[in-house]
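In case you want the letters, here they are:
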Amino acid sequence: MIAIFADLIQFKGVISTPPNIAPTFMKLDILGALNLGMLTVIMSFLFVNLFDTAMFNQSYMAAWTLNTDFKSERLDRSAHPILVPCQLYKTKDGWIFLMCNKESFWPVLCKKLDREDLIDNSKFVNFSSRQKYRDEITRILDEELMKKNTSEWLDEFGGIVPAAPILNLKESLENPFLEDRKNIQKLKTKRGGDISLLKTPVHVTDSSFQDKTAPELGEDTEDVLKGIGFTGEQISTFKNKGII
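The notes below deal with the structure included here. (Residues numbered from 1 in each chain as written. Predicted model: local features only at pLDDT ≥ 70, side-chain atom pairs only at ≥ 80, totals over all residues. Heavy atoms only, no water.)

**Remarks on helix 9 (residues 150-157)**
Part 1 of the reasoning: Every buried residue of helix 9 is listed here: Thr150, Trp153 and Phe157. On an axial view of helix 9, the arc spanned by its buried residues comes to 60°, and they lie on one face.
Part 2 of the reasoning: The inward-facing, buried residues of helix 9 contact strand 2 (95-99), helix 6 (105-112), helix 8 (134-145) and strand 3 (163-165).
Part 3 of the reasoning: Looking one or two residues past helix 9, Gly159 carries a phi angle of roughly 75°, positive in sign. (Buried < 20%, exposed > 50% of the residue type's maximum accessible area, 1.4 Å probe, protein only. Helix = DSSP H or I, 4+ residues; strand = E, 2+ residues; numbered from the N terminus. Arc of directions from axis to C-beta. Contact = heavy atoms within 4.5 Å.)

Shown next as structure tokens:
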């Protein structure tokens, strides 16, 4: 519901997930407060909520809407609001995502498609004009890209035109790129079991740093209670009464 109120369904046609972003902002706030405290010795209270986080996630789209006559629209195929071509296109065996986010990519793409006639077409000379003729470009690129499989186009575009295949979650996790970057790690649970998890995107240069699984439910209860002043006898009483 937060995503709906923040209009995050507007741009991709699907509901985004701002709750996943909120903890990230909370971590940044904590780091900011610690830095402020070290510099000014000022105590700060931090508040983060899902709605504010969802709205802030509108980023530059909100800035455009607040300060210009820009009007957002619901676009198919996860299309970018102003960059064209930058969306999903059909191939012989599926889909491919092209992201020509610089003017220089358009003529390169046209040459790769053997459609150099499109380069000097007055309707397609820049982002502004291509945006007006988005549907026509979609039709043309679908027609050209459907001549080959996605994998063939990826070989053609590699290192030249930003392009990506459309993967499901399992396929994305099995992508060799993740293995090369060591994005997946194997850890031991507290009960000795093996578990595979994605690594945090925050990289630590300390070579001795090692991730570990979260504590079991109640694993740190005794230490926490001792830390706030309860005696061993009191904690035993809590256990005997089933309080902890």
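**Brief notes about the side chain of Arg130**
Part 1 of the reasoning: One can find Arg130 in helix 7 (residues 127-132).
Part 2 of the reasoning: Here the side chain of Arg130 touches Glu103 through a polar contact of 2.9 Å, side chain to side chain.
Part 3 of the reasoning: Leaving out residues up to four positions away in the same chain, Arg130 has contacts with Val84, Pro85, Glu103, Trp106, Lys123, Phe124, Val125 and Ile137. (Polar contact = N/O pair within 3.5 Å; in protein donor to acceptor, adjacent residues only side chain to side chain.)

**Observations concerning the packing of aromatic side chains**
Part 1 of the reasoning: Counted according to the given criterion, the structure contains 6 aromatic pairs.
Part 2 of the reasoning: Geometrically, the ring pair formed by Phe124 and Tyr133 is edge-to-face, given 6.5 Å between the ring centres and 80° between the ring planes.
Part 3 of the reasoning: Take Tyr133: its relative accessible area is 34%, and that puts it in the partly exposed class.
Part 4 of the reasoning: For the pair Phe230 and Phe238, a centre-to-centre distance of 5.2 Å together with 75° between the ring planes defines the contact as edge-to-face.
Part 5 of the reasoning: A residue is classified by how much of its surface remains accessible, and Phe230, at 30% relative accessible area, is partly exposed.
Part 6 of the reasoning: Through successive ring pairs, a cluster of aromatic residues spans Tyr60, Trp64 and Phe70.
Part 7 of the reasoning: It is Lys148 that lies over the ring of Trp153; its NZ or CZ is 4.8 Å from the centre. (Phe/Tyr/Trp six-rings, centres within 6.5 Å; stacked < 30°, edge-to-face > 60°. Lys NZ or Arg CZ within 6 Å of the ring centre and 35° of its normal.)

**Brief notes about a nonpolar patch on the surface**
Part 1 of the reasoning: On the surface, a cluster of nonpolar side chains totalling about 380 Å² of accessible area is made up of Leu169, Leu173, Ile184 and Leu198.
Part 2 of the reasoning: Along the chain, Leu173 falls in helix 10 (residues 169-173). (Patch = residues over 30% accessible without salt bridge, like charges linked within 9 Å, V, L, I, M, F, W, Y side chains within 5 Å. Areas by Shrake-Rupley, 256 points an atom, 1.4 Å probe, with all protein chains shown as cover. Salt bridge = Lys/Arg side-chain N within 4 Å of Asp/Glu carboxyl O.)

**Some details on the nonpolar core**
Part 1 of the reasoning: Judged by nonpolar contacts, the single largest core of 19 residues is most densely connected at Leu109, Leu145 and Phe157.
Part 2 of the reasoning: Those elements that provide at least two residues to this core are strand 2, helix 6, helix 8 and helix 9.
Part 3 of the reasoning: Excluding anything up to four places from it in sequence, Leu109 contacts Pro85, Leu98, Cys100, Leu141, Phe157 and Val161. (Core = buried A, V, L, I, M, F, W, Y, C linked by side-chain atoms within 4.5 Å.)

**Here's the deal with the sheet that holds strand 1 (residues 86-90)**
Part 1 of the reasoning: Pairing is antiparallel across the open sheet formed by 3 strands, whose spatial order is 1-2-3. The open sheet has two free edges, formed respectively by strand 1 and strand 3, since each of these has just one partner strand. Direction aside, neighbouring strands of the sheet carry axes that sit 25° apart on average.
Part 2 of the reasoning: Note that strand 1 and strand 2 share 5 bridges and pair antiparallel. (Pairing = 2+ DSSP bridges. Axes fitted to C-alpha atoms, helices over the stretch in contact; angles between N-to-C directions.)

**Section: the pairing of strand 5 (residues 194-198)**
Part 1 of the reasoning: Pairing between strand 4 (residues 184-188) and strand 5: 5 bridges, direction antiparallel. Bridge pairing in strand 5 places Gln185 opposite Leu197.
Part 2 of the reasoning: Between strand 4 and the antiparallel strand that follows it, strand 5, lie 5 residues; Gly192 among them carries a positive phi value of about 90°.

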